[in-house]
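Remarks on the overall topology
One-letter residues, chain by chain:
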Amino acid sequence: MVRRTRLIQELAQQASSAGIAVLCAPPGFGKTALLIQYVDEVVNDPQRGAARLVDADHAVLSELSIQLEGIAGELAHAVRPALAIDNVPAFPDADAEAFAELLRGLRASGVEIVIACTPAAEGLVRKLGDAAKFGAGQLIVRPREYAEWSRVLSISGALDVYALTQGIPVLVAALQGMTEQAVPLPQPIEGYAVDLYHAILAELRETDEERYTLAVALLLAGSGRFRDLARAGVDVTAPALRGLLRAYPVFGEDRTAGTFACLGTEGGARRKMRESLAQEETATARRVARALLKAGRSDQAVTLVDECLAPKDAAASVDAAPLLLAVRGHASFVSGVVARRKEARASGRASLPLELAVYASALTVGDYRLARAVCSELRGRTGEVSSAAERRAWKDARVLARAMGHARGLDLPELPDKKGRGGTSLGVDFEAFELHARCRAALIEQGTWTGEAERLLEHVRDAGGVDDAVDIPLVLLRCDVLLAEALMGSLGHIGKDDAELALADRDLRERKLAPVVSYARLVRSARRLFAGAPLIDERAFTDAGTAALRASDLSLQLLATVFAGWQELVQGQAVNARFRAQQVLKLVDDDQPYLQQLAFFLERVSHLHGMSRGAVREEAGMLDLARTDLTPAEAWVSACFLAAARDDAELSAWYSLHKETLLEPSFRLFARLALSVLGPRADALRRLLPVTLAPYYIMEGEPKDEEQPLFTLIPPEYPEEVGKVSIRLLGGFSVTKNGHVLADTIWRRRKIGVLAARLAVERGSFVTRRTITEELWPGLDYTRARENLYSTLSTLRHALGQRRDGPQYLMTQGDGLCLNSEYVDSDVVRFNELAREILLGHLKMSASQLIALCLKVEGLYLGPLVVPDRCNIPYFKHMRHTLQAKFIDCMLRGIDVAIEEEDVNSALWMVEAAFRSETGREDVVRRALQVYEMAGRYGDVEDVYRMHRDYLFKHADRGPELETERVYREIENRRLRFGA
């Protein structure tokens, strides 16, 4: 029990002053605990000490009077005695008057009295007008008390106690032991909330019918605004409602916002209350459902109807708001109503509102066959449209069809005008539909954006937003805004918006709104594509194009195809990207100039991506550089070709002439994609960009040359970690742990080092015990060799410092052995990873990056792989040759790029490194001749060629290859021609 010191002190003070104090609150508000603490306070007061606690539950007035008078006699000689009476029943009016007089008589005899009752005894409370009163609002746990309650009950301070319990003591106590927010709420809290509401309803049913009806309406609605209940005929201004909320503060009233929120969660306490109340108060449940629909709270209305009401009530709900249910994503509810109608074999045709609901719902889920069939039915029922509500629903259905369905046979006919029958639409939903259709078409086809969508969304947000989880037109409009940001050259808050779209995607999928899902996926993936974020939805553009094709939305289909092409180009599939661009160019119309621009730009960049340098120079020479009336796409295409051809003078002039067109903000993200895809070919163009605008055109993840130190031997992805072991095998054998060389004598044992080296080369892969025994002890039988292996493994674990409770450096699995890659590293592994990037992943790197990576390999490769002495193990010899070949290939790759980039110093360094490793390879000799010529070292050219020729005649009995001789003769001819 938590001691409520401040409240007890206030109660004692008020009771002492007035002589009588009344605690009036519903069950669960801690009245009994408060009386016990009050009595304890009096008993422990040295100046008083006499107090009694009486339970008057279900007491009869005559018996209770005798009991109280007897206690008063016992306390007659005490100093300021106290009498606490708990659970005072709701006496009839005459008995209440008599009981009040009895209490006054006891007060006159010097007894201090505190009674506790529920609001059902409100008549008695009114008759005790001269008593101090404590209502339910004063008994809730105040914010300043939360710290004490949390300490005593071990409740985490991170919990939002008021949101979970509304400060009701019994619910706060139910949080005992909770350390984190639980979803759903723990069962005890939900159970206490249900019990509390049942007790309140039982009390109200017997004492106050008006308040009971109000409480039922609040519980059926669960949460919302009081004005919504007014639509159900509830007088929210009546004194009864104010009295209910004051006496029973369990409905989460927010007077400022005019809202309420009952205790518990939708799937917990609220659902249980709805189910029990709807069976008893069906009429009230129907009224609340209608009120929720009128207020636009379709999610709550559908939940109430679906869980608690009969099928005929569900049909009536659809008739009341056919289009609202469709645009809020309740197609499954509508189809359920139709299915139940068929099961009941209802006679006659479905109501006109029901058919409109089916038609609109079919459009929202992409069931165009059903929509077309129902549309055909509705065309024959135009004469049945009579009421203003039906005309309004028909008009709104036509708006929805224009926004969601572009195929033939989906348009409803326009109704003939009837004076005074026009009505208005549902409001913002269908205004958003019209705006979506108009703005998206202008954006995709013309590349224009007016900002109307943002203004409408801001208006909705300022008005309080929408209470339902899904609002299709607003979702579509929000996607339009996000797509426009990207196409107009700004990505906004990519992380926040990406999370918003992911959350919307979940809700849309739950309601099977396929067309909206596909559009949201397209927008999300397009923004991630422009931002250079990792690909997480590879089929987003393809699926969006398919959905647009089914809806006959050609513009969206072509845009999805363009995006799919860019995605493929980023992945290196230039042929596929160009094919998609050519498809769009064939299908696009002249009245869609923006799509034409995007497709043309994609086609040209894809073509440039796969061209040889000679072809690029040839095509760049054919460009018409005198043109002035250019679109941004055309200006960027010419700039990209000039940059790739290295026509720096022409590129500089072109940039100066068309600077404004090139830097057009609406095209910068497509230009950024092109620059990223073209890589080093666009370096000259990147250098021309203004420093202030460069970040808009360079992907955030693209490395910069100055950030790549040339001689960092170990890249940053290999940090030293506590317990980390590194084994060096290239150019010598050594073992380090935590950065310190292990010099223990144990490593001098030959087999220990051989086994460690053997497993280190295969780090992460298991090697069978039989393979190791055959390699290390080939002359021994398997049994003896295996015993030696066990001893060697034990010694190796000891040498590495492996303990049972520490890092496990050596792992076993079945008959296999391996070193744990999490704790053991080797220069061979690092060398292989860098070589893989150089030899297989060079298309993704710039020239300077590739050169830097080759120099890192040169620094890492300190010499050939160690081959153990006196161990004739073919595996080591094979791996030594393989790694040496990889090293030479990496050096040759780096030399080629350095020659192309005219980076003489790097080329010389790598040539000499290759020569140190291998002097007999013809391709190494040829590269050396070329590099020495670039450096003007013709003497070295002569020396290298002569030594290579002599070496071959001596060891291979042949001369250099014809290609090597050709290279040498060409260099000699150039030297003689220019007099070098």
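Conventions we followed
- Residues numbered from 1 in each chain as written.
- Predicted model: local features only at pLDDT ≥ 70, side-chain atom pairs only at ≥ 80, totals over all residues.
- Heavy atoms only, no water.
- Helix = DSSP H or I, 4+ residues; strand = E, 2+ residues; numbered from the N terminus.
- Buried < 20%, exposed > 50% of the residue type's maximum accessible area, 1.4 Å probe, protein only.
- Contact = heavy atoms within 4.5 Å.
- Areas by Shrake-Rupley, 256 points an atom, 1.4 Å probe, with all protein chains shown as cover.
- Lys, Arg positive; Asp, Glu negative; His and termini not counted.
- Charge placed at Lys NZ, Arg CZ, Asp CG, Glu CD.
- Axes fitted to C-alpha atoms, helices over the stretch in contact; angles between N-to-C directions.
- Parallel < 35°, antiparallel > 145°, perpendicular 65-115°, else oblique.
- Left-handed = near helix turned anticlockwise from the far one by under 90°.
- Nonpolar A, V, L, I, M, F, W, Y, C, P; charged D, E, K, R; others polar.
- Phe/Tyr/Trp six-rings, centres within 6.5 Å; stacked < 30°, edge-to-face > 60°.
- Lys NZ or Arg CZ within 6 Å of the ring centre and 35° of its normal.
- Pairing = 2+ DSSP bridges.
- Core = buried A, V, L, I, M, F, W, Y, C linked by side-chain atoms within 4.5 Å.
- Polar contact = N/O pair within 3.5 Å; in protein donor to acceptor, adjacent residues only side chain to side chain.
- Domains from an automatic or database assignment.
- pLDDT = per-residue confidence, 0-100.
- Expected span 1.5 Å × (residues − 1).
- Salt bridge = Lys/Arg side-chain N within 4 Å of Asp/Glu carboxyl O.

Under an unreviewed UniProt entry, the protein chain has the name Bacterial transcriptional activator domain-containing protein and belongs to [Collinsella] massiliensis.

Looking now at the overall build of the protein chain. Each helix and strand in the protein chain was counted, giving 48 helices and 14 strands. In terms of principal-axis extent, the alpha carbons of the protein chain reach across some 130 × 90 × 55 Å. Across the 980 residues of the protein chain, 51% fall into the buried class. Considering only contacts within the protein chain whose residues lie at least 6 apart along the sequence, 70% involve residues at least 24 apart. Here the protein chain displays about 45,700 Å² of accessible surface, and carbon together with sulfur accounts for 50% of that area. Between the mean site of the 122 positive side-chain charges and the mean site of the 134 negative ones, the protein chain shows a separation of 3 Å.

Bringing the environment of G863 into the picture now. Looking at the secondary structure, you find G863 in the loop between α43 (847-860) and α44 (874-900). For G863 and S917, which are 54 residues apart along the polypeptide, the C-alpha to C-alpha distance reads 7.4 Å. Aside from chain neighbours lying at most four places away, what touches G863 is L730 and G731.

For the rest of this paragraph, the subject is the packing of α44 against helix α45 (residues 904-917). Running from N to C, α44 and α45 point in directions that differ by 160 degrees, and their axes come no closer than 9 Å. Viewed along their axes, α44 and α45 adopt a mutual orientation that is roughly antiparallel. Seen from above, α44 lies across α45 with left-handed handedness. Contacts between α44 and α45 pair Q884, F887, I888, M891, G894, I895 and A898 from the former with A907, M910, V911, A913, A914 and S917 from the latter. Split into classes, the residues belonging to the contact of α44 with α45 amount to 10 nonpolar, three polar and no charged.

A few words now on the packing of aromatic side chains. Counted according to the given criterion, the structure contains 17 aromatic pairs. Relative to F670, the ring of W566 lies with its centre 6.4 Å away and its plane at 50 degrees, an arrangement referred to as tilted. Note that W566 is positioned in helix α29 (residues 554-570) and F670 in helix α36 (residues 668-678), a separation of 104 residues in sequence. Per residue, the accessibility class of W566 equals that of F670, and both read buried. Linked through ring pairs, F530, F541, F563, W566, F601, F667 and F670 together constitute an aromatic cluster. Here the guanidinium or amino end of R440 rests over the ring plane of Y519, the centre of that ring lying 4.7 Å away.

With that settled, the discussion passes to the sheet that holds strand β13 (residues 816-819). Here we have three strands laid out as an open sheet, ordered β11-β13-β12, and antiparallel in their pairing. Each of the sheet's edge strands pairs with one partner strand only, and the pair in question is β11 (767-768) and β12 (810-813). With four bridges connecting them, β12 and β13 associate as antiparallel partners. Of the residues in β13, the one forming a bridge with L810 is L819. With respect to the sheet, helix α41 (residues 782-800) is in contact with β12 and β13, its orientation differing from that of β12 by roughly 140 degrees.

So, on to the nonpolar core. Ranked by size, the top nonpolar core spans 209 residues in total, and within it Y38, F251, W566 and W636 carry the most contacts. Top contributing element to this core by residue count: helix α25 (residues 472-487), with 12 residues. Setting aside residues up to four positions removed in sequence, W566 forms contacts with L529, F601, L602, V605, F670, L673 and A674. In this structure, L796, V897, A913 and F915 belong to the second largest nonpolar core, which totals 75 residues.

Moving on, we come to the side chain of Q37. Looking at the secondary structure, you find Q37 in helix α2 (residues 31-43). At 3.0 Å, the side chain of Q37 forms a polar contact with the backbone oxygen of V2. Once you skip the residues sitting within four places of it in the chain, Q37 turns out to touch M1, V2, R3, R4 and I8.

Along its sequence, the protein chain is organised into domain 1 (5-139), domain 2 (310-414), domain 3 (429-459 + 470-696), domain 4 (725-827) and domain 5 (850-978). Domain 1 and domain 2 are separated by 63 Å when their C-alpha centres are compared.

Moving on: the pairing of strand β2 (residues 51-55). Along any regular strand, the residues point their side chains to alternate faces of the sheet. Of the strand pairs in this sheet, β2 and strand β3 (residues 82-86) are connected by five bridges, and their pairing is parallel. The partner of V54 across the bridge, within β3, is I85.

By the element assignment, T919 lies in the loop between α45 and α46 (922-934). Not counting the four nearest positions on each side in its chain, T919 is found in contact with V925 and H948.

Moving on: the confidence of the model for the protein chain. Looking at the protein chain, the pLDDT average stands at 85 and 92% of residues meet or exceed 70. Predicted confidence is poor over residues 420-426, with pLDDT under 50, and the contacts of this stretch with residues over four places away or in other chains come to 11 contacts.

Inspection of the secondary structure assignment puts R211 in helix α11 (residues 209-221). Its relative accessible area of 10% is what places R211 among the buried residues. Apart from residues lying up to four places away in sequence, R211 is in contact with E122, L204, A240, G243, L244, A247 and Y248.

Take the environment of E762 next. Along the polypeptide, E762 turns up in the loop between α39 (750-761) and β11. Given a relative accessible area of 24%, E762 falls into the partly exposed group. Between the C-alpha atoms of E762 and L819, which are 57 residues apart in sequence, the distance is 8.2 Å. Setting aside chain neighbours within four positions, we find E762 in contact with V767 and Y875.

With that settled, the discussion passes to α11. The end-to-end C-alpha separation of α11 is 19 Å, in line with the 18 Å expected for 13 residues at 1.5 Å each. For α11, the buried fraction is high: 10 of the 13 residues fall into the buried class. Structurally, the start of α11 carries an N-cap: the backbone nitrogen of E210 is 3.2 Å from a side-chain oxygen of D208. In the stretch just after α11, G222 is the one whose phi turns positive, near 80 degrees.

Moving on: the pattern of salt bridges. For the structure shown, the criterion picks out 66 salt bridges. With a shortest N-O distance of 2.9 Å, E568 and R580 are connected by a salt bridge. Remark: R580 occurs in helix α30 (residues 574-587) and E568 occurs in helix α29; sequence separation between them is 12 residues. On the basis of relative accessible area, E568 is assigned to the buried category, the value being 11%. You can call R580 partly exposed: its relative accessible area is 22%. Here the salt bridges do not stand alone but share partners, grouping R349, E355, E377, R381 and E384 into one network.

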